[in-house]
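# Remarks on the overall topology
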Amino acid sequence: NSYWAQGGIIYRNYDPASGDSARSLRDDVHRAGAGLCVDEAVWKVAREGPDRVRELLLDDTNQGSGKEGPFANVPFDRSDDGSLSLCLEA
C-alpha cells in the first residue's frame, strides 16, 4: 500500500476483444508497485484474483451451483446492458 493507492478492485476484463490477460494484470501490478512487489505473489494475484472477485462479489459464477446471487451484496456500477462498468487506472 502507498499514499498513491486508489480505492477499487483490481479485476481482469474477460472480454477477449479487450486483450486483457493475467500477464497484463501482473505487469500493471508491478508498475504500480514501483519494483517493490514479490513476483510470485503478484502472479498468484494476477492468475487467481479475478476468479475470486467473480466468486465472492459477482453473481455470474453462482449460476447452476445452487447458490443465489453473489456471496457479498456489493452494488457495483453497471452499464445499461447489465455488464460491469469497467475503467482504467490513470
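Numbering of residues starts from 1 in every chain and runs along the sequence as written. Since the coordinates come from a predicted model, pLDDT governs what is reported: local features require at least 70, and pairs of side-chain atoms require 80 or more to be given and counted, while whole-chain, interface and lining totals use all residues. Calculated side-chain values reflect all of the structure's heavy atoms, with hydrogen atoms and water omitted.

With that out of the way, let us pick up the overall build of the protein chain. Note on conventions: DSSP H or I runs of at least 4 residues are helices, E runs of at least 2 residues are strands, and numbering of each starts at the N terminus. A tally of helices and strands in the protein chain yields two helices and zero strands. Considering the protein chain as a whole, with its 90 residues, one finds that 17% of them fall into the buried category. Residues count as neighbours in contact if any of their non-hydrogen atoms are within 4.5 Å of one another. Put simply, of all contacts in the protein chain between residues at least 6 apart along the chain, 32% involve residues at least 24 apart. Note on areas: Shrake-Rupley with a 1.4 Å probe; residue coverage comes only from the protein chains shown. For the protein chain, the accessible surface area stands at approximately 7200 Å², while carbon and sulfur atoms represent 52% of it. Note on exposure labels: buried denotes an accessible area under 20% of the residue type's maximum, exposed denotes more than 50%, and partly exposed covers the range between, all computed with a 1.4 Å probe on protein chains only.

Moving on to the nonpolar core. Where a protein is soluble and globular, its nonpolar side chains tend to be buried together. We call a set of buried Ala, Val, Leu, Ile, Met, Phe, Trp, Tyr and Cys residues a nonpolar core when their side-chain atoms join them within 4.5 Å. Counting six residues, the largest nonpolar core is built from A22, L25, V29, V42, W43 and A46. Those elements that provide at least two residues to this core are α1 (22–32) and α2 (39–57). Ignoring anything within four residues of it in the chain, the contact list for A22 reads R12, W43, A46 and R47.

You can see D77 is positioned in the segment after α2. Given the relative accessible area of 60%, D77 is considered exposed. Discounting chain neighbours no more than four positions away, the residues touching D77 are S83, L84 and S85.

Right, let's talk about the pattern of salt bridges for a bit. For this document, the term salt bridge refers to a Lys or Arg side-chain nitrogen within 4 Å of an Asp or Glu carboxyl oxygen. Summed over the entire model, instances satisfying the criterion amount to four salt bridges. We note a salt bridge from D28 to R31, for which the minimum N-O separation is 2.5 Å. Here the residue D28 and the residue R31 both occupy positions in helix α1, the gap between them amounting to three residues, near one helical turn. Across the pair E48 and K44 runs a salt bridge whose closest N-O atoms are separated by 3.0 Å. Highlighted residues: E48 and K44, both in helix α2, separated by four residues, approximately one helical turn.

These results come straight from atomic positions and should not be treated as a statement about function.
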